[in-house]
Amino acid sequence: MTLAVFFGCTFIAFGPALGLFLFTIARDPLRIIILIAGAFFWLVSLLLSSLIWFIAVKASNPQDESLQKGLLIFGVMFSVLLQEAFRFLYYKLLRKAIEGLVALSEDGCSPISIQQMAYVAGVGFGLMSGAFSMINLLADALGPGTVGIHGDSQLYFLTSAFMTMVLIFLHTFWGILFFHGCEHRRWWEITAVVVMHLAVSGSTFCNPLYVGSLVPSYLLMATAAAWAYLLSGGSAQNLRRFLLCLRSGASPQPAS
Amino acid sequence: MVNHEQRTECWSWHKHLKRKDPFCAEISDFQRTAPMTELSAHLPQFQHGQLTENFPDNHLSNTNDNSERRRHDNSERRRNDNAESETNGQPQNNMQQVVEQDEEDEELTLKYGAKHVIMLFVPVTLCMVVVVATIKSVSFYTRKDGQLIYTPFTEETETVGQRALNSILNAAIMISVIIVMTILLVVLYKYRCYKVIHGWLIISSLLLLFFFSFIYLGEVFKTYNVAMDYITVALMIWNFGVVGMICIHWKGPLRLQQAYLIMISALMALVFIKYLPEWTAWLILAVISVYDLVAVLCPKGPLRMLVETAQERNETLFPALIYSSTMIWLVNMAEEDPEAQRKTSKNSTYDKQAPANQTQNEGAEADDGGFSQEWQQQRDNRIGPIESTPESRAAVQALPSNSQTSEDPEERGVKLGLGDFIFYSVLVGKASATASGDWNTTLACFVAILIGLCLTLLLLAIFKKALPALPISITFGLVFYFATDNLVQPFMDQLAFHQFYI
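Here the structure is a predicted model, which means the values were calculated and not measured. (Residues numbered from 1 in each chain as written. Chains lettered and ligands numbered in written order. Predicted model: local features only at pLDDT ≥ 70, side-chain atom pairs only at ≥ 80, totals over all residues. Heavy atoms only, no water.)

(A) Main features of the overall build of chain A. Scanning chain A for helices and strands turns up 8 helices and 0 strands. Listed by position from the N terminus, the elements making up chain A come as α-α-α-α-α-α-α-α. If one aligns the C-alpha atoms of chain A with their principal axes, the spans along those axes are about 65 × 45 × 30 Å. Counting every position in chain A, which comprises 256 residues, the buried fraction comes to 48%. Of all intrachain contacts in chain A linking residues separated by at least 6 positions in sequence, the fraction that spans at least 24 positions is 73%. In the form shown here, chain A has an accessible surface area of approximately 12,100 Å², with 69% of it arising from carbon and sulfur atoms. Counting 13 positive and 11 negative side-chain charges, chain A places the centres of these two groups 10 Å from one another. (Helix = DSSP H or I, 4+ residues; strand = E, 2+ residues; numbered from the N terminus. Buried < 20%, exposed > 50% of the residue type's maximum accessible area, 1.4 Å probe, protein only. Contact = heavy atoms within 4.5 Å. Areas by Shrake-Rupley, 256 points an atom, 1.4 Å probe, with all protein chains shown as cover. Lys, Arg positive; Asp, Glu negative; His and termini not counted. Charge placed at Lys NZ, Arg CZ, Asp CG, Glu CD.)

(B) Seen up close, the UniProt feature "transmembrane region" (unreviewed entry) in chain B. Residues and elements named next belong to chain B. Under the local residue numbering, the UniProt record ascribes the feature "transmembrane region" (unreviewed entry) to residues 117–135, 168–189, 196–218, 230–248, 260–276, 282–298, 443–463 and 469–488. Split by type, residues 117–135 is 100% helix and 0% strand. Its first and last C-alpha atoms lie 27 Å apart. Along residues 469–488 the backbone is 95% helical and 0% strand, and the end-to-end C-alpha distance reaches 27 Å. (UniProt positions renumbered as here; feature names shortened; annotations may be inferred.)

(C) Quick peek at the nonpolar core. Core analysis: the largest hydrophobic core is formed by 170 residues, its most contacted members being Phe132(A), Tyr424(B) and Val447(B). With 18 residues, the single largest contributor to this core is helix H2 (residues 29–58) of chain A. Leave out the neighbours within four places in its chain, and Tyr424(B) touches Val124(B), Met128(B), Ile449(B), Leu453(B), Ala469(B), Leu470(B), Ser473(B) and Ile474(B). Within the second largest apolar cluster, 13 residues are counted, among which are Met134(A), Ala141(A), Phe157(A) and Ile168(A). (Core = buried A, V, L, I, M, F, W, Y, C linked by side-chain atoms within 4.5 Å.)

(D) View of helix H5 (residues 194–224) of chain B. All names here are of chain B. The terminal C-alpha atoms of H5 lie 44 Å apart, and with 31 residues this matches the ideal 45 Å at 1.5 Å per residue to within 8%. In the structure, H5 departs most strongly from a straight axis at Ser 213, where the bend amounts to approximately 30°. One or two residues past the end of H5 sits Asn 225, with phi positive at roughly 55°. (Expected span 1.5 Å × (residues − 1). Bend = angle between axes of the 7 residues up to and from the residue.)

(E) Spatial organisation of the layout of surface pockets. For the second largest pocket, the calculated volume is near 860 Å³. What lines the second largest pocket is a set of 37 residues, and nearest its centre among them are Leu137(A), Tyr156(A), Ala496(B), Phe497(B) and His498(B). Elements with a contribution of two residues or more to the lining of the second largest pocket: helix H4 (114–142) and helix H5 (156–183) of chain A together with helix H16 (470–498) of chain B. If you tally residues by element for the lining of the second largest pocket, the top one is H16(B), at 7 residues. (1 Å grid on protein atoms, 1.4 Å probe; cavity = no way out; pocket = protein on both sides within 12 Å on 5 of 7 lines; lining within 4 Å. Points joined across faces, edges and corners; volume = space filled by probe spheres on them.)

(F) Structural detail: the packing of helix H7 (residues 254–275) of chain B against helix H14 (residues 418–434) of chain B. All names here are of chain B. It is the contact of H7 with H14, at a shortest axis distance of 8 Å, that shows an interaxial angle of 50°. The angle between the axes of H7 and H14 places the two elements in the oblique class. The two elements H7 and H14 cross, and the hand of that crossing is right-handed. Facing Leu 261, Ile 264, Ser 265, Met 268, Ala 269, Phe 272 and Ile 273 of H7, the residues of H14 in contact are Leu 418, Phe 421, Ile 422, Ser 425, Val 426, Gly 429 and Lys 430. For the contact of H7 with H14, the per-class residue count stands at 10 nonpolar, 3 polar and 1 charged. (Axes fitted to C-alpha atoms, helices over the stretch in contact; angles between N-to-C directions. Parallel < 35°, antiparallel > 145°, perpendicular 65-115°, else oblique. Left-handed = near helix turned anticlockwise from the far one by under 90°. Nonpolar A, V, L, I, M, F, W, Y, C, P; charged D, E, K, R; others polar.)

(G) Highlighting the UniProt feature "transmembrane region" (unreviewed entry) in chain A. All names here are of chain A. The feature "transmembrane region" (unreviewed entry), as given by UniProt, occupies residues 6–25, 32–56, 71–90, 117–135, 155–180, 187–205 and 211–231 in the numbering adopted here. Helix makes up 100% of residues 71–90 and strand 0%, and the two end C-alpha atoms of the span are 28 Å apart. Taken end to end, residues 117–135 comprises 100% helix and 0% strand; its first and last C-alpha atoms sit 26 Å apart.

(H) Structural view of the interface of chain A and chain B. Counting residues at the interface gives 56 residues for chain A, matched by 50 residues for chain B. When chain A packs against chain B, close to 4,700 Å² is buried across both sides, 75% of that on carbon and sulfur atoms. Sorting the residues of chain A by area buried against chain B places Leu104(A), Glu106(A) and Phe132(A) first, and these three jointly supply 15% of that buried surface. Per element, the largest residue contribution to the side of chain A that touches chain B is 17 residues, and it comes from H2(A). Broken down by class, the residue content of the side of chain A that touches chain B amounts to 36 nonpolar, 16 polar and 4 charged. (Buried area = accessible area lost by both parts, 1.4 Å probe.)

(I) Looking closely at the confidence of the model for chain B. All names here are of chain B. Per-residue pLDDT for chain B averages 72, and the proportion of residues at 70 or more is 60%. No element of chain B has a lower mean pLDDT than helix H1 (residues 44–54), at 34, and none a higher one than helix H6 (residues 230–249), at 95. In this model residues 330–370 is a low-confidence stretch, pLDDT under 50, and it forms 112 contacts with partners more than four residues away in sequence or in other chains. Within the model, pLDDT remains below 50 along residues 400–410, and this stretch shows 59 contacts once partners closer than five positions in the same chain are excluded. Taken together, the chains of this predicted complex give a pTM of 0.76 and an interface ipTM of 0.92. (pLDDT = per-residue confidence, 0-100.)

(J) Summary view of the pattern of salt bridges. All names here are of chain B. Applying the stated rule across the entire model yields 10 salt bridges over all chains. Among the salt bridges present, the one from Lys 136 reaches Asp 438, with a minimum N-O distance of 2.8 Å. Linking Lys 136 in helix H3 (residues 92–137) with Asp 438 in the loop between H14 and helix H15 (439–463), this pair joins segments that are 302 residues apart in sequence. Lys 136 gets classed as partly exposed once you look at its relative accessible area, which sits at 33%. With a shortest N-O distance of 3.1 Å, Arg 163 and Glu 155 are connected by a salt bridge. When its relative accessible area of 5% is taken as the criterion, Glu 155 is described as buried. (Salt bridge = Lys/Arg side-chain N within 4 Å of Asp/Glu carboxyl O.)

(K) Representation of the packing of aromatic side chains in the model. Residue and element names in this part refer to chain A. In the structure shown here, the tally under the stated rule is 28 aromatic pairs over all chains. For the pair Phe 169 and Phe 173, a centre-to-centre distance of 6.2 Å together with 10° between the ring planes defines the contact as stacked. With Phe 169 and Phe 173 both in helix H5, this residue pair falls 4 residues apart, about one helical turn. For Phe 169, a relative accessible area of 21% translates into the label partly exposed. (Phe/Tyr/Trp six-rings, centres within 6.5 Å; stacked < 30°, edge-to-face > 60°.)

(L) Here's a closer look at the packing of H4(A) against H16(B). Between H4(A) and H16(B), the shortest axis-to-axis distance is 11 Å and the interhelical angle comes to 80°. Here H16(B) runs roughly perpendicular to H4(A), going by the angle between their axes. Contacts from Phe132(A), Ser133(A), Asn136(A) and Leu137(A) of H4(A) reach H16(B) at Thr484(B), Val488(B), Gln489(B), Met492(B) and Ala496(B).

(M) Structural context of a nonpolar patch on the surface. All names here are of chain A. Taken together, the side chains of Tyr 229, Leu 230, Leu 239, Phe 242, Leu 243 and Leu 244 make up a nonpolar region of the molecular surface, amounting to roughly 620 Å² of accessible area. Elements with a minimum of two residues in the nonpolar patch: helix H7 (210–231) and helix H8 (236–243). In terms of residues, the nonpolar patch owes the most to one element, H8, which gives 3 residues. With respect to the helices and strands, Leu 243 occurs in helix H8. (Patch = residues over 30% accessible without salt bridge, like charges linked within 9 Å, V, L, I, M, F, W, Y side chains within 5 Å.)

Okay, structure coming up:
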């Protein structure tokens, strides 16, 4: 425990997100605002879903373990649906904002595009979701203790960190996919995002059998990443050019 | 040719607005007496100083003023006129250039608008971080060591009803003290007792900078078990305090002044967190935001009256109890200081494109900046909107209302009263100190306050007048505190227990 675990888990969970934030979001004030607003929307969705869960729990028998677990599962599913609903609401708000920004500028061009907003909104959702899942754990990891002393898994902190990281990435990609689906009226993209989210949350029900939750989540993340990359204008060609450091239009080096 | 006339950094969400609207509050700065006056019970007279000092604190204003906007509009109109006249006889690219320049201006303006929000996010965040870090590490500020004399009723009662009653009484006493202080301040200001007010301010900042920071330092040393002798401490506190007094009340580098303002806000917030019992604190926060709303927006509100009086007299209010995101170079009407008048092109530290030629005195004229807009407005009312060229400045200097704006458009910034800092930090600090949800609640309150601040700034852009910065943020903060602590925390607990992820 203590510092090593604390720093390790913090950087596993939040390192990539911090990198994303520092390199793509921190420079532009508008993006920071969109990020915080995205975090706020996620928070509101969590609030409402925990309200529903709380009411359900209070209305039920606290002694019945399986009922409580069932209610928790219901709470998780409901929360996922509510999160996606709030993502949609946030999309609507950002659309209005873009109209405002466009109206302000005289050439009809807003300083930020809906795709960039989608990305930032996704990061906002992800960061808040990750923070809420992870922060109390990290605070506990700072103090003394032995993990899994009562027979639970000893990898608790590590797997939590990895799960948090994958969720942050997933939220980012889902943001891009979702907004793209809303923009182009492709409802199947939106349902795919919702289904993916439900699948990822559902896979965590097998915890502490971590192979059942982490592996599918990472596979889904890779899929979502590729899909979002393609939707954002990427292609195998672009990727190859980027990796080989070719300038666009230049002929490939003989060695490649 | 990019005309660096003073562009108002403004943005507005109104679709029908054709030109950039100033992200400007009209003028009035000090909207209400900041409630953070209450210090410790031991120094009742101190409270007066605090109140005054806090008086200007709770307000939000934008230093961009009407005159700038008018000037900008003028120039824009001129530009548009030029474009129109040119289409007849001149090639299209001229118009294109003008349009492009306007686009550039629009975009830049927009960026500045969002920039100002960030300029306020950063200090608010820093203040909250300092407070939360202190609360989490130094146990002194969460230990119950009595209460202030302004909250005489104890909360250690047998019944819940009794506790509720006591906290309501405490909050009522505190609020009435604040109202009395505000009215006293307005009266003092109306009858021109400036010396009294200035004395108050000086005494209160002396107390904060020396006494409270001494206590803070002592507690930090105790927490980390650092051995320290009195001589070193005396030297440190002396330096800290004197430099603070100079920076805040006179001149100093912008960053240093901002840092000091953040530090004293954090110190005040810590005092409140320590000495206010729980229910009382929440009640006071709620009532203070209502009072803020009333005092700033009602026609007979004390803060509004104060601002209007100051406007009529064309003077600034009290120095340096407002956090300013940029330096404003304005000369006080009474001081015909030639070198002060040359204080232009101060580097806006936020904008690298600002001209690098600093003048030697990077004075924290934030105090003057408080009323720059009024002056501008008055001046413009009298002599019409003008461009800030050297000739016009010379002309203006000759006029009785001697105000001079900065040359650099990026220097216009937003101001936020220290009272707002203090109450935001009190909310987040209390959340981190007493919530069962701990970090989740703290984080939720933090995000809620930032969003409230963002909304307030948006309203500022739309309504263009001085607005209270507390109500929206504190409402969000309170809602999120109670909701997260009671609803979200059990849910997250259960999820973490089973390691489910949502």
